[in-house]
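Spelled out from the first residue to the last, the chains are:
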Amino acid sequence: MIILGDQTIKGVGGGVCQVSTTLFRTVFFGGYPIVERNAHAYRVGYYEKDAGNVEDSNLAGMDATVFFPLIDFKFKNDTPYWILMETYVNPAASSITWKFYSTSDGRKVKWDTTGPQNIVPAPDPLYKENPDLATGEIKQTDWAADGQILR
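No experiment lies behind these values; they were computed from the predicted model shown. (Residues numbered from 1 in each chain as written. Predicted model: local features only at pLDDT ≥ 70, side-chain atom pairs only at ≥ 80, totals over all residues. Heavy atoms only, no water.)

Caption draft 1: Summary view of the pairing of strand 5 (residues 84–90). Pairing between strand 5 and strand 6 (residues 95–101): 7 bridges, direction antiparallel. Considered in strand 6, the bridge of Thr-87 is made with Trp-98. Once strand 5 ends, the chain turns through 4 residues before running back antiparallel as strand 6, passing Ser-94 with a positive phi of about 50 degrees. (Pairing = 2+ DSSP bridges. Helix = DSSP H or I, 4+ residues; strand = E, 2+ residues; numbered from the N terminus.)

Caption draft 2: Region of the structure containing the side chain of Thr-79. Counting through the fold element by element, Thr-79 comes out in the loop between strand 4 (74–75) and strand 5. One polar contact links the side chain of Thr-79 to the main-chain amide nitrogen of Tyr-81, over a distance of 3.2 Å. If we skip the residues at most four places from it in the chain, Thr-79 touches Tyr-32, Asp-105 and Arg-107. (Polar contact = N/O pair within 3.5 Å; in protein donor to acceptor, adjacent residues only side chain to side chain. Contact = heavy atoms within 4.5 Å.)

Caption draft 3: Inspection of helix 1 (residues 16–30) at higher detail. Relative to the 21 Å expected for 15 residues at 1.5 Å per residue, helix 1 spans 21 Å between its end C-alpha atoms, a close match to the ideal helical length. Among all positions in helix 1, only Cys-17, Ser-20, Thr-21, Thr-22, Leu-23, Phe-24, Arg-25 and Val-27 are buried. Tucked into the core, helix 1 has its buried residues touching strand 3 (34–36), strand 4, strand 5 and strand 6. At the exit of helix 1 stands Gly-31, carrying a positive phi of roughly 85 degrees. (Expected span 1.5 Å × (residues − 1). Buried < 20%, exposed > 50% of the residue type's maximum accessible area, 1.4 Å probe, protein only.)

Caption draft 4: Structural view of the pattern of salt bridges. Per the stated rule, a full pass over the model turns up 4 salt bridges. A salt bridge links Glu-36 to Lys-74, with the shortest nitrogen-to-oxygen separation between them at 3.7 Å. With Glu-36 in strand 3 and Lys-74 in strand 4, the pair connects residues that are 38 residues apart, well separated along the chain. A salt bridge links Arg-107 to Asp-78; the shortest N-O distance between them is 2.9 Å. Of the two residues, Arg-107 is situated in the loop between strand 6 and strand 7 (117–120) and Asp-78 in the loop between strand 4 and strand 5; the sequence distance between them amounts to 29 residues. Look at the salt bridges and you will find they share partners, linking Asp-78, Asp-105 and Arg-107 into a network. (Salt bridge = Lys/Arg side-chain N within 4 Å of Asp/Glu carboxyl O.)

Read these as spatial facts, not as claims about activity.
In structure tokens:
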């Protein structure tokens, strides 16, 4: 499933944004400049969990969507040093880890957030007919999430 506009639909690439979001956070907290980054059209709950799989609403908006060939994530290594990037996937824990190795240039990242503000309640459920399902069968493709303004 992919997000297209304001809905979740079948499409090629569903799940790739979990990789791009993990890379984005590694880059962000490593202090590298972000060249191109787009958040999802709406909140996705599993992007608001920390490494221990605990919900943390302060992570709302800290995601990066990609959709070939239109939407990409790019960053710049503005240091004079190479970066070695390693990825680790743990299917049993449903996790992916990016690790960057390089020579420190002394940069520090300070991150302040107010978390979600001006909460707007999620709308009532919306049911749409899906000809791929049997009569009377219901399949949930989206989950309600309150809206808000992020700062």
